[in-house]
Amino acid sequence: MTESDTLSRPDGSPLRVLVVDDEVNIAELIGLALRYEGWQVQMAHTGAKAVAAAKDFEPDAVVLDMMLPDFDGLEVLRRVRMSQPDLPVVFLTAKDAVEDRVAGLTAGGDDYVTKPFSLEEVVARLRGLMRRAGARRQTTSSVLTVGDLRLDEDSHEVFRGEDEVSLTATEFELLRYLMRNQRRVLSKAQILDRVWNYDFGGQANVVELYISYLRKKIDAGREPMIHTLRGAGYVLKPAT
């Protein structure tokens, strides 16, 4: 998120988004991008579970795949709208399935995104829908803080303790992503998609390279904050 403000519910609590897709990797990546915005996310991988989750979670918006293993997204929309008639819904459709997009919008879907898509596009569509639905802008600090590490998103200044750290633009984006997801293990594929906008797979070595650059600037001579979980990814957490 590049803005220094975020969207919230009228009471100031985080917005809630239900992500429905039977492809677990895609759902996880969308969920990660939405959590990066400061929103609460719940996922479902079948139509039945999506309908149940909508009742329990009471989302402010739904990202809904058109094709699901039990019944399709149109049926999910019909059932959910019975109790939540104004719930904003963004459909995920196949690139060449024009009839799906028409059917989704005709059935009451608010917007659609075609696969393959960028995570930024999904987030942008949701932000627009939820603004129109009454979500309020909430001014927040532009400074991210994890332990003694501080990053100012506006000025692009970074400090570890009292020492200023000079970063390249890519190093800054990588560190910002790690800090916004502190204590969360991020895979190389997730980092590639968010920082470099690559489809997952194929370029993992560039992540290793930039993690090593960051370590030299952030952790050198100090208690380490950037940790490797072999086979899983990387996590940033306060030094102990």
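These figures come from a predicted structure and were not determined experimentally.

A. Seen up close, the overall build of the protein. What the protein contains, in helices and strands, is eight helices and 13 strands. When the 240 residues of the protein are sorted by exposure, 47% land in the buried category. When contacts within the protein are restricted to residue pairs at least 6 apart in sequence, those whose partners lie at least 24 apart make up 60%. Put simply, the protein shows about 11,700 Å² of open surface, and 49% of that area lies on carbon and sulfur atoms.

B. Quick look at the packing of helix H2 (residues 47–57) against helix H3 (residues 73–83). In contact at an axis separation of 10 Å, H2 and H3 are set at 20 degrees when each is read in the N-to-C sense. As far as their axial angle goes, H3 and H2 are roughly parallel. Of the two elements, H2 crosses H3, and the hand of that crossing is right-handed. Contacts between H2 and H3 involve Gly-47, Ala-50, Val-51 and Ala-54 from the former and Val-76, Arg-79 and Val-80 from the latter. Residues that form the contact of H2 with H3 fall into these classes: five nonpolar, one polar and one charged.

C. Spatial organisation of the sheet that holds strand E8 (residues 143–146). Spatial ordering of the open sheet is given by E8-E9-E10-E11, a layout of four strands whose pairing is antiparallel. Whereas interior strands pair on both sides, the edge strands pair on one side only; in this sheet they are E8 and strand E11 (163–165). Between one strand axis and the next, the sheet turns by 20 degrees as a mean value, whatever way the strands run. Examined bridge by bridge, strand E9 (residues 149–152) and strand E10 (residues 158–160) share three bridges and lie antiparallel to one another. Among the inter-strand pairings, Arg-150 is bridged to a residue of E10, identified as Phe-159.

D. Focus on the pairing of strand E5 (residues 89–94). Most of E5 sits out of view: five of its six residues are buried. One ladder, built from four bridges, connects strand E4 (residues 61–65) with E5; its direction is parallel. The partner of Val-62 across the bridge, within E5, is Val-89. Since E4 and E5 lie parallel, the crossover through H3 that links them has a hand, and here it is right-handed. Sheet topology places E5 next to strand E6 (residues 111–115); five bridges connect them, and they run parallel. Of the residues in E6, the one forming a bridge with Leu-92 is Val-113.

E. Representation of the side chain of Asn-181 in the model. Here Asn-181 shows up in the loop between helix H6 (169–180) and helix H7 (188–196). Excluding residues within four positions of it along the chain, Asn-181 makes contact with Leu-32, Tyr-36 and Leu-186.

F. Region of the structure containing the packing of aromatic side chains. What the rule picks out here adds up to two aromatic pairs. Seen in terms of ring centroids, Tyr-210 and Tyr-213 are 5.1 Å apart; in terms of plane orientation they differ by 75 degrees. Their pairing is edge-to-face. You can see Tyr-210 and its partner Tyr-213 sitting in helix H8 (residues 204–218), three residues apart, about one turn around the helix. A relative accessible area of 30% places Tyr-213 in the partly exposed class. Across from the ring centre of Phe-57, 5.8 Å away, lies the NZ or CZ of Arg-16, which sits over that ring. The ring of Phe-71 has Arg-79 lying over it, and the distance from NZ or CZ to the ring centre is 4.2 Å.

G. Region of the structure containing unusual backbone geometry. Here the phi dihedral of Glu-58 falls at roughly 50 degrees; this positive angle occurs in a residue that is not glycine. Along the chain, Glu-58 turns up in the loop between H2 and E4. Residues other than glycine seldom take positive phi values, yet His-156 does so here, at roughly 60 degrees. Structurally, His-156 is set in the loop between E9 and E10. A relative accessible area of 44% means that His-156 is categorised as partly exposed.

H. Quick peek at the sheet that holds E5. Pairing is parallel across the open sheet formed by five strands, whose spatial order is E3-E2-E4-E5-E6. Looking at strand neighbours, the two that pair on one side only are strand E3 (40–44) and E6, the edges of this open sheet. Put simply, the sheet's adjacent strands are angled 20 degrees from each other on average, direction ignored. The pairing of strand E2 (residues 16–20) with E4 spans four bridges and is parallel. Pairing of Leu-18 across the sheet is with Val-62, part of E4. Helix H5 (residues 119–132) contacts E2, E4, E5 and E6 of the sheet and is inclined by roughly 175 degrees relative to E6.

The rules we used
Residues numbered from 1 in each chain as written. Predicted model: local features only at pLDDT ≥ 70, side-chain atom pairs only at ≥ 80, totals over all residues. Heavy atoms only, no water. Helix = DSSP H or I, 4+ residues; strand = E, 2+ residues; numbered from the N terminus. Buried < 20%, exposed > 50% of the residue type's maximum accessible area, 1.4 Å probe, protein only. Contact = heavy atoms within 4.5 Å. Areas by Shrake-Rupley, 256 points an atom, 1.4 Å probe, with all protein chains shown as cover. Axes fitted to C-alpha atoms, helices over the stretch in contact; angles between N-to-C directions. Parallel < 35°, antiparallel > 145°, perpendicular 65-115°, else oblique. Left-handed = near helix turned anticlockwise from the far one by under 90°. Nonpolar A, V, L, I, M, F, W, Y, C, P; charged D, E, K, R; others polar. Pairing = 2+ DSSP bridges. Right-handed = clockwise from strand over helix to strand, strands pointing away. Phe/Tyr/Trp six-rings, centres within 6.5 Å; stacked < 30°, edge-to-face > 60°. Lys NZ or Arg CZ within 6 Å of the ring centre and 35° of its normal.

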